[in-house]
Amino acid sequence: MTDDQRVRAVLHDAAGPGCGAPDLAAIARRSRRLRQRRRTAAAGVVASLVLPLLAAAMVWPALQPWTQLGPAHAPGEPVVPIPDPGEAVAAWTPEPGGRLFTPVLVVNVRGEIHAVRALSPHSPLGEMAVGWCRPAQAFVVRHGDVFAPDGSYVDGPPQHGLVTYAVEPASDGHVRIGEARDPLPRGQGDGARLAGRPLALDRCFDADELPPGDAMVLHHWPAEADRVVTPEEAPTARPGPDGWVVFEGFLVHGGGRPTALCAELLSMDPPACPEGSPRPRGDLARPGAEVALVVHGLFRGRPDAPFVAEFTHVATRIVAVDGVGGPPSG
Amino acid sequence: MPSELTADQAAFCRREHPRLVGALVLYLGDAETALDLAQEALARACAAWGRVSRMQAPGAWLHRVAINLAKRHLRRGLLGRRALERHDPSVATWDADVADRLAVRAAVATLPARQRTALVLRYYTDLPVIEVARIMRCRPGTVRALTSQALAQLRGELLHEAVADD
């Protein structure tokens, strides 16, 4: 017997005489439990990865002050889905003549559906786009205008509320935007009830909370952001399906000079656009006040070559008054 | 009660069970725990049968699982306490064969873990050196060195007597 064989024999002897047949039923039971445990563990891993993502996806939009509306419904399409409670959807309604369209916001507040023209009646330099501030459940304009969900005036310089639209039920959770109605004067509608009450407006006027680009309206009307041009390009730009052109640049108004729009300022003192820059029509075309105002922002204009006529502020910031200040960096 | 195992699984369990239990008895020095861990290792093999049945050496995989279970068991320290109780001289069953068997088990149990694993897998389970090396995740030369060291230590303690008796 070799040494290895001796070792084997001693070890086999030490291991004992044997243990009989395996308990197959017990092995099967354990095996079944193991498989169940493995399935449970796998489900737990999947759940631990997926559930936080789902929860974040559900909670995140509700934490944002502005409703991300997505592309507005097709211009001229008067039927839109009813928004979720407290939310808004965007739409376009045709203006008389049918060539141009007006932005409309439809909101659902405590089951009541309202539709308003999403342009504020107030601005010394034209109409300003209106946003839906979720925390306040109110329409707001960056310059401080506040309107109740029914479009009535709450706060700010305007003398009346927003233009509203009749809303009629349509099939399958949709509403039809109907005829425009004159805005209510100050002190009427829900706005009179809300005036003076604390509204959660802070976050909607807090610059840190605003969507990038200082353009809450781009957040509301992202379709417009797809085709931003310079003021110089605006008069000849191909308008979007809503009939408007969106452009970004400087508006120089006042200082005894004609109002002008340009991508780059010729100088800040006095504030001036290069010769030949587009000029808006209407009141703004006339030489303004002695104090010159420089506004940087996004504008919507009707491309009516060679001028940009009847433009609307989408999002603006006054960057200089009478040459004091400067254009924003970048 | 039906075992709920397939014919292949049952045959595998019947074939591997005696060798597995013996290896674990040697490794742990405790037959009761060895039976329990052997059953657990076989249950794991059956739970993963789709994968295990396709392996080249499912027996080697089974022994690796069993040794890992035994190591974990030893780490928990339960066996140490039970072994002390078992080797208590006051325990009555003390004939010569049993004494030899327990002495060998005790001597194996005192070997360092890696030496013990190499010795049991190579000399009790009769796995080839290369298979033991794969189970222990080391080179074959290391397995040879470990078994050689283990044998030297065992000889020093008791194999010397066993060989002398021959």
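Further up the page is the structure itself.
Residues numbered from 1 in each chain as written. Chains lettered and ligands numbered in written order. Predicted model: local features only at pLDDT ≥ 70, side-chain atom pairs only at ≥ 80, totals over all residues. Heavy atoms only, no water.

Peer 1: Whenever I open this one, the packing of helix α1 (residues 7-28) of chain B against helix α2 (residues 31-47) of chain B confuses me. Can you help?
Peer 2: The angle between the axes and the distance between the axes are what describe a pair of packed helices. All names here are of chain B. Axis separation between α1 and α2 bottoms out at 8 Å; the angle between their running directions is 140°. For the crossing formed where α1 meets α2, the hand is right-handed. Note on element contacts: α2 touches α1 through Ala 31, Thr 33, Ala 34, Leu 35, Leu 37, Ala 38, Ala 41, Leu 42, Ala 45 and Cys 46, opposite Gln 9, Phe 12, Cys 13, Glu 16, His 17, Leu 20, Val 21, Leu 24, Val 25 and Leu 28. Looking at the contact of α1 with α2 residue by residue, the class counts come to 16 nonpolar, three polar and one charged. (Axes fitted to C-alpha atoms, helices over the stretch in contact; angles between N-to-C directions. Helix = DSSP H or I, 4+ residues; strand = E, 2+ residues; numbered from the N terminus. Left-handed = near helix turned anticlockwise from the far one by under 90°. Contact = heavy atoms within 4.5 Å. Nonpolar A, V, L, I, M, F, W, Y, C, P; charged D, E, K, R; others polar.)

Peer 1: What is the right way to read the nonpolar core from this model?
Peer 2: Proteins that are soluble and globular tend to have nonpolar side chains buried together. In this structure, A:Ile27, B:Leu20 and B:Leu24 are the most contacted members of the largest nonpolar core, which totals 45 residues. Contributing elements (two or more residues each) for this core: α2 (24-63) of chain A together with α1, α2, α3 (49-52), α4 (58-76), α7 (113-124), α8 (129-136) and α9 (140-165) of chain B. Grouped together as the second largest cluster of nonpolar side chains are 18 residues, B:Ala23, B:Val108, B:Tyr124 and B:Leu154 included. (Core = buried A, V, L, I, M, F, W, Y, C linked by side-chain atoms within 4.5 Å. Buried < 20%, exposed > 50% of the residue type's maximum accessible area, 1.4 Å probe, protein only.)

Peer 1: So what exactly am I meant to see when it comes to a nonpolar patch on the surface here?
Peer 2: Residue and element names in this part refer to chain A. Nonpolar side chains collect at one region of the surface, where Val 45, Val 46, Leu 49, Val 50, Leu 51 and Leu 54 lie side by side and expose about 550 Å² of accessible area between them. Considering the arrangement of structural elements, one finds Leu 49 in helix α2. Owing to a relative accessible area of 56%, Leu 49 belongs among the exposed residues under this scheme. (Patch = residues over 30% accessible without salt bridge, like charges linked within 9 Å, V, L, I, M, F, W, Y side chains within 5 Å. Areas by Shrake-Rupley, 256 points an atom, 1.4 Å probe, with all protein chains shown as cover. Salt bridge = Lys/Arg side-chain N within 4 Å of Asp/Glu carboxyl O.)

Peer 1: Just checking my understanding: could you explain the state of the cysteines for this structure?
Peer 2: As used in these notes, a disulfide is a covalent bond between sulfur atoms, one from each of two cysteines. All names here are of chain A. Taken as a whole and assessed by the stated rule, the structure comprises one disulfide over all chains. The partner cysteine of Cys 262 in its disulfide is Cys 273, sulfur to sulfur 2.0 Å. Here the S-S torsion is close to -70°, and the disulfide linking Cys 262 with Cys 273 is therefore left-handed. Of this pair, Cys 262 sits in strand β15 (residues 257-262) while Cys 273 sits in the loop between β17 (271-272) and β18 (293-304), and the two are 11 residues apart along the sequence. (Disulfide = S-S within 2.5 Å.)

The quantities given are spatial measurements derived from coordinates; they are silent on function.
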